[in-house]
Structures are given as structure tokens and as C-alpha cells.
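These are the residues of each chain, in order.
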Amino acid sequence: MTVKNILTRKRLALLGTTALFSHLCAVPVAQAQGEEENGQADVIVVVGSRIERSLEDTTAQPVQFLSEAEFKATPAESVADFLRELPVNNGFSGSNYNNEYAGGNSSINLRGVGPQFTLVLVNGRRFGGESVPDIGAIPPEAVQSVEILKTGGSSIYGSDAVAGVVNIRLKEDFEGLDLVTSYGAATEGGGETFRIAGVGGMTFDRLSVTGSIAYQDYEGFERADRDFTASRDYRPYGGLDRRSGGVGDPNSFFIPSTDEVLTLDTSVVGPGESPTSATQFVPFPGEVNRFSTNEVGVAPPVERINGHWAINYEAIDEVLNFYTEGYFDDRTQDFFAQVPVNFGFPVPASNPFNPFGEDIFAGYVFNELDFITETFETQNFQVAAGVEGTIADINYDISYTRFRQSVDRVYTNDISPGLLTAAAARTDATAFNPFCNNCNTAEQLQGLSLVGRADQRDEIETIDVVFSGDLIDLWAGPLSFAAGYQHRDVSFEVNYNDVWQNGGTNFSWFSEDFVGDSGERDVDAFFGELLTPLYDDGGAGAFVSSVEATVSVRHEEYSDFGDATVFSGLGKVELLDGAVILRGSYSESFRAPSVVALNLPEQTLLESGGFFFDPVRGGFFDVLVITGGNEDLEPENGETISFGVVYTPPQLPGFFASLDYFDLEITDIIRQPSGQGLLDGTETAGSITRDVNLRPTLDTRLNNGGDLSVRGIDFSVSYQFDTDTLGAFTLYANGVYQLENELSANGVTTELLGNFINGAPTPEFRGVFGATWENGAFDAAGNIDYSSSVEEFLDAGSVVIDRETDSWVTVDFQVGYDFSEKFGDSLGLANGLRAYLGVENIFNEGLPFVARSPDGWDRSIGDLRGRYVYGGVRKSF
């Protein structure tokens, strides 16, 4: 049976195994032809198993399939953006749009339990090191398809596959050349994105070569570009005033002899001038001049170039194939931190500009400074090489994989307290003058900052040996197996220069000393998988058509903490010649404590007011926070039970429905306690202590801090049909409804579902509803994304907030035109040419306000771009 025939009959059953992606756009024949042209086989290995199977037999597990065509119905600017709209991707998943602190890293968070519990693979190989992988490192043009296993997969893949597994398949055996260029921007300003990319390949008898390269320039935008975040005074939205009150603008001066706080009278001392007398100062207005200590770049600019390659040489037909594959990514992000920079420092009477004749204390706002900037230079590189083939009906694959991520950070334009104090203590004209009205030179300001440099390296080398095939023929079919061995060498290292190692004295915004860290480990793993057909009616039309069961087990040994053994079992029953499929599974999973978590040194940092509300002191004040790893951490363990039904009635071709129940339990969770939760009394891990002035110290070091229980239902309904005149349509609705998401620790249970608690909100329901259409040269796709509201409670002393946030609903639409349909014969350049135009968030739906969030918005639900308009051109040769 050909791939085209299989996909034509079964595509909806496969794509909708648990949920269709929100931007489904390709008709079955189009996808089938694309895969057939690129040499895909009708026997494949699907995520969650190492046993090769016919594509039509892969419905035993809740696996969601996403095609390349679905990328084309989106802006297709990154894999992360494509996946973040999936209903199964719940809770917080980072991207450059919603996490400016991560250096541009992007992640996916299946079931909303945390990105660290989702294992990401590329072509079935572990993606990245032991940190949360950056899925934005893969260019969309390189992606052939994506498979998402929505249950535990540790018995096949090992650590991290607790909530599920995402397998990104890259293109290989590609022939021809595809070029694409696109541009998009937010209608509220900022967010301009330019992209140009290409993928090409050719085949020479036994040799095939495929490669891609892409360049992207994202301009970003600032908080000031959005009314919602221009100020941390959220009272107009029903929240709190989170602005800083420590130092105001104009500058303040404390005079010990009179116990007064004064400021320059700018009505008599103009710009560029210095006061000549103490009489030119007036009382400081204080609270009137509070200001927001926002980070400027809520979506910092990013420039990146990335690509992939896949080379295959079939030395002996089906017996021996040499291959190499990999990807690379080079990214630069400029994170702009707090402005204005405020700082308090002593100014002696000997300062030649001091008009008070005594030692005073200045509170100075450095408006003249350029932004504090932290530049992240990140490089990801992975290469795999190996041999594969079939000998005596046994498949083998032996490979070596090397991954390396390097992150170089440069931190500039922060004020050095030591340099500033020394500059203010000079007795000549080079002394720093805090009394003037904007008259300090750029040279003086530059001389008050130091450059912090850090470099981080994350490396992993892997050897894989996998065998699979059929053992014996049973009464209902062949008994199939897969077995293998894996060895991993993992290492991690981060180094800081002397400036950053003494950050507590060299910086004002980063007010802690940074300590280098390193660690390494070896991992040896063995796994086995067995697929047993229990019954097959042989096409006789019995009520029960077939029954099968699969079991798998994996044992991993770690050089630094111990070992783990996990088991999984699943079963599938086909009824009424496959019209109804009943499936169920039980899986054990685990996540080993990472090298970083075990070795991260302890640090104490000062968090300035505006980020933490202290109910004891009744406002936003400075707190001390202890962070670090824990060498005594134990693995996190998971158990998942799922069962469901798939319905594809032969009486209604093109109709598909599925319903799956899941129950995930994670024990001994490794987590960093929430600092705000400790202050609120809602955090069950960590500790809080206070000094004589009631300033708290929050111990948020990593620990095994409780158990997490998540239950819910996945559903999908779709209907695909053709009309004689109007074209082909697909209608679909799919989503995830969570029934439970609660954390239990130390005898206390915290309900996370539907609540904004400890910064980890999880809406009860996420759904996608939409349609696609294709008719001749025209195609279109549109969808509605919905996230339900959450509850939040905050006792801020004089203000008690008990409210429900708004739900969030956005509408996306894209239309495309294929010039080949009309102009291909008359204009050769029109062959393979498609233009498209789209809008995300058509109605510019604003993010729901969240009073508990320091930002005023829920980073997990979306981003601040607002309406985004894009367009592009794709040319195939």
C-alpha cells in the first residue's frame, strides 16, 4: 500500500488522534503527495515506540501529528510560535515574546506542569542538553512534521519524558529548492519581523543531500509602547501601585545637619547649569515622584541564523546506509534592563560642586544613561552520524550524536557603587556632580560602569544502538520487538569574570555576587519493547476486529545519584472494522535531577521593591532571596493513566472524533519555592526569616517539594468534505479540559487549576475552533483560540483583591493564492509561486489583567504584541 493511499484514507484519524492543530490547512491528497515526493516510506517509527509500523496502525497511543502544511497557515516564524497555540501546551511556555530574561530561549509545556517535564526530540534523538531545550533553534522550513506523545515516554526515551514527548522530524531526501521571504509587524507598533529562508536538496543515485538555512531579524518593542505596561501603577485596572518609591526624579539630597530631604529648584537652575547656593534647593516632594522600574525590552530584539542538513548514502540496498544529520542556530538577543537607574551614595563636603558645606547623601536618577544592556550570544549545534539497515529481517541503527550549546553574556551600563562613590569623592573638576541639572558628560557616565562577562557551556555526547523487527508469527500476526542501549556523557560549566563575581559591589541592578559552576555525569541505559497481537478477525467483519498490547521497560544508571527503572503498557482494540478504536495505557516516567540542579552554588540576592509585596510591612519593599541547587535532590517520578476512544464512521467519510482521559501524578517534584508564595503563606516549601527591621530573607533553594496531580480530557472533532463548486473544507474543534491540577506538600494541598497562585496559573479549558478552505488557486484558514479565566486573591493590607480575570479569545486568519493555477503556463516564474497574507489576533484582544503578577499580565496565556499583520511569498523550483 502506498503512502498516498494510506494518508488519503487515514489522515484525519492520524492527525486527530487526540486533537487537530489549530491551523490545519492541507487537504489529504496534498499532504500525501508532498510526503510521497520526498520519499517517505509506508512503514515508519512514530514517537512513543521504536517498533516500525504501518502508518495506519499508529492509533494505539494518544499521538498528535502536525504536518508541514499546517506551518504554512501561520506566520511560520519559529517552531515555538507554531506549537504554543496547541491546547495541550498549557501553563507557561517561554518565548522571546513573553520571557525577556531567557536570552531568547523558547520552550513547550505539555499539560501545564512545567517545560522541564516535556522531552523534545529531533528525528527521534534527544534534543539539546539537560536544560530545557530551545525549540526555536529549529528553522520552520526544515520541519517535515511534528509528533506529540501526550503521555509518559520514559520507558522508551528515559529521563524528562514525564508529561509527554515532542518529536520534530526534519526534511530529508528532498528534491528541488524552496525559497520564502516574509515580513510582519504589530499594528500597535513594534514587533517588526523580517525573514528569508530556503531549503533545497538533490539525489545522485545512492546519495541524497538536503539542507536549509534561514535568517530572521526581530525588532522587538518596549513596555512603553503599550499603555498596559507603560507604568507599574496598576490601580486604574483594579490592581496595586507597584512603582518604586525609594528615589525620585528630580534628585534628592539628605542633609544630616537639618534632617531635611531637598531637591534642586529647576525653576531657577536651568538645564546644563549647576547650583551656586544651598538656597537654590526646595523640599523634596517624595511620593509624588514615584516612578516605574520597568525593564524596557519586554520583547527584546533578536537576530538569528539557523539551518539543518541531512545526508544519506545507501552503500548496499536496504542492508547498509550511512547518514549524517544535524542543525545549527546562532542567536543574538539584546535585553534592555531597568531605566532610569536610581542610586543612593555619599557626597563629601570636599566635592567641589557640593553647595551645602557638609557631607550629605544623594539619591540620584541616571536618566542620562543609555539602557542597561545584557547581550546574549547563543549558539546551538547538534550533529549525528551513523549506519542503519536491515540484516536477516532485523533492523539496526547505530549512531553517535554530539550537542553543544554555548551562551556568552555581556552586561554593560550598570552603575558601579564603588566607582560612583570614588567619583563623588574627588576634589577637582573631574568629580561627579550630582547637583547639576542634566550637565554630566557622557564620558563621566561611562566611567561609572564596568563590563560583566559570563560564558556557559552545555554539552552532551550520545551513543545509541537500536535493533527492531519481528520475532515469530503468532495466531494474530507477528510478535515485534525493539531493544537497545544508550550511553550519554553530560557536562555543564558556567564562568564569570572578576567584575561579575563581585557583582554585589560592582553593580546596582544585579546586586549579588555570581559564582561559577560546573558538573558532569555519565548515563548508561537499556530498554526493550514488545508488541503482541492478541486477536485479528482476518477481515471477517466481526464486531471485534483486532486486539493488541505493547509493553516496554527501560533502566538507566547515573554516575552521580543512582538509577531508575520504569515500565509502560498499552493496549488497542479495534471494533467494527476499525470504525471504533478503544485504547488505554499506563506509563511510569521519571526526571533525573540535572547536573545544574545538583551543583548550582548558593547565592543571596537583593530584590528591589516593586517585585514582592510584603503583607507584614504592608507594601512593596526590598527582600533578600537565597537561590541555589541541592546535592541531595532525588528524581521526580511520574505515573500516567490514559484511555480513550476514536470514532471514524464509514457512513460519513471525512468525519473524525476522539475523546481521551488522562491522569498524571508526579511525585517528589524538584522545584524552586515561590518567593511571593512564602510571603503570602501559600508556599509549602522553602522558608522565610526576618531581621530586626522585619526585612525578610526567602530561602528558595531547589528541593523535592511535593506531589502534583493533573487530570483532564482531550477531545477533537473534525469534518472534511469536498464540494463541486465551492472547494474543499475542513471544520474542526478541539481542546483540553482539565479536571484537576493540585500541588500537595507537607500536608497542605494547593489548587492550581483555575487559580493564579505562586505565578503558575492553569486555565480549566483551552480550545481551538476553526475551518480551512481550498478552491483552485485560493486557500484560507481561520481559527478561534479560547482560554478560560482564572481566580486570584491578594491580601495587600489596605487593599484586598478577590477577583476573576477575563477569559482570553483571539481570532486568526490567513488567505493565500497559488499563481501556478492561472499563470503557470503563460509565465514561467509563476510556477510554484504562492503569496499569502494573514492577521493574528484580528480584533487586537488585550491580555487579561492579573493583579498578582508584577507585570500586570499573565505571561503564560499570550504576549503583548496585540494584532499582528504579516505577509510573504514562497517560491518552489
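Residues numbered from 1 in each chain as written. Predicted model: local features only at pLDDT ≥ 70, side-chain atom pairs only at ≥ 80, totals over all residues. Heavy atoms only, no water.

Caption draft 1: A look at the overall build of the protein. Looking only at helices and strands, the protein features 12 helices and 45 strands. Computed over the C-alpha atoms, the radius of gyration of the protein is 30 Å, within 12% of the 29 Å expected from 2.2 N^0.38 for a compact globule of 877 residues. For the C-alpha atoms alone, the extent of the protein along its principal axes is close to 105 × 65 × 55 Å. Out of the 877 residues in the protein, the part that is buried amounts to 57%. For the protein, the share of sequence-separated contacts (at least 6 apart) that also reach a separation of at least 24 residues comes to 71%. Summed over all atoms, the accessible surface of the protein reaches about 33,700 Å², with 55% contributed by carbon and sulfur. Looking at charge distribution, the protein has the averaged site of its 53 positive side-chain charges lying 2 Å from that of its 130 negative ones. (Helix = DSSP H or I, 4+ residues; strand = E, 2+ residues; numbered from the N terminus. Rg over C-alpha atoms; globule rule 2.2 N^0.38 Å. Buried < 20%, exposed > 50% of the residue type's maximum accessible area, 1.4 Å probe, protein only. Contact = heavy atoms within 4.5 Å. Areas by Shrake-Rupley, 256 points an atom, 1.4 Å probe, with all protein chains shown as cover. Lys, Arg positive; Asp, Glu negative; His and termini not counted. Charge placed at Lys NZ, Arg CZ, Asp CG, Glu CD.)

Caption draft 2: Expanded view of the pairing of strand β41 (residues 791-796). Taking every second residue as pointing to the same face, the buried face of β41 carries Glu792, Leu794 and Ala796, while none of Glu791, Phe793 and Asp795 on the other face is buried. Of the pairings in the sheet, the one linking β41 to strand β42 (residues 799-804) comprises 6 bridges and is antiparallel in character. Bridge pairing in β42 links Glu792 to Arg803. In sequence, β41 turns back onto β42 through a hairpin of 2 residues, with Gly797 there showing a positive phi of about 75°. (Pairing = 2+ DSSP bridges.)

Caption draft 3: Quick peek at the sheet that holds strand β4 (residues 118-122). Strand order across the open sheet formed by 5 strands is β3-β6-β7-β4-β5, with mixed pairing between neighbours. Both edges of this open sheet fall to β3 (63-67) and β5 (125-126), since each of them pairs with a single strand only.

Caption draft 4: A look at the side chain of Thr193. Within the secondary structure, Thr193 is located in strand β9 (residues 193-204). Note on Thr193: relative accessible area 1%, which makes it buried. Looking at Thr193, its side chain comes within polar contact range of the main-chain oxygen of Gly191, at 3.2 Å. With near-sequence residues (within four places) excluded, Thr193 lies in contact with Glu77, Ser182, Tyr183, Gly184, Gln216, Asp217, Tyr218 and Tyr868. (Polar contact = N/O pair within 3.5 Å; in protein donor to acceptor, adjacent residues only side chain to side chain.)

Caption draft 5: Layout of the pattern of salt bridges. Under the definition given, this model contains 36 salt bridges. Note that Arg111 and Asp714 form a salt bridge whose closest N and O atoms lie 2.8 Å from each other. Taken as a pair, Arg111 in the loop between α4 (79-83) and β4 and Asp714 in strand β36 (residues 707-723) lie far apart in primary sequence, 603 residues in all. Its salt-bridge partner being Glu792, residue Arg803 comes within 2.5 Å of it at the nearest N-O pair. (Salt bridge = Lys/Arg side-chain N within 4 Å of Asp/Glu carboxyl O.)

Caption draft 6: A look at the environment of Val46. Residue position: Val46 is located in the loop between β1 (43-44) and β2 (53-54). Along the chain, Val46 and Thr58 lie 12 residues apart, while their C-alpha atoms are 7.2 Å from each other. Setting aside anything within four residues of it in sequence, one finds Val46 in contact with Thr58, Val63, Phe65, Glu147, Tyr157 and Arg169.

By themselves, these figures tell us nothing about what the structure is for.
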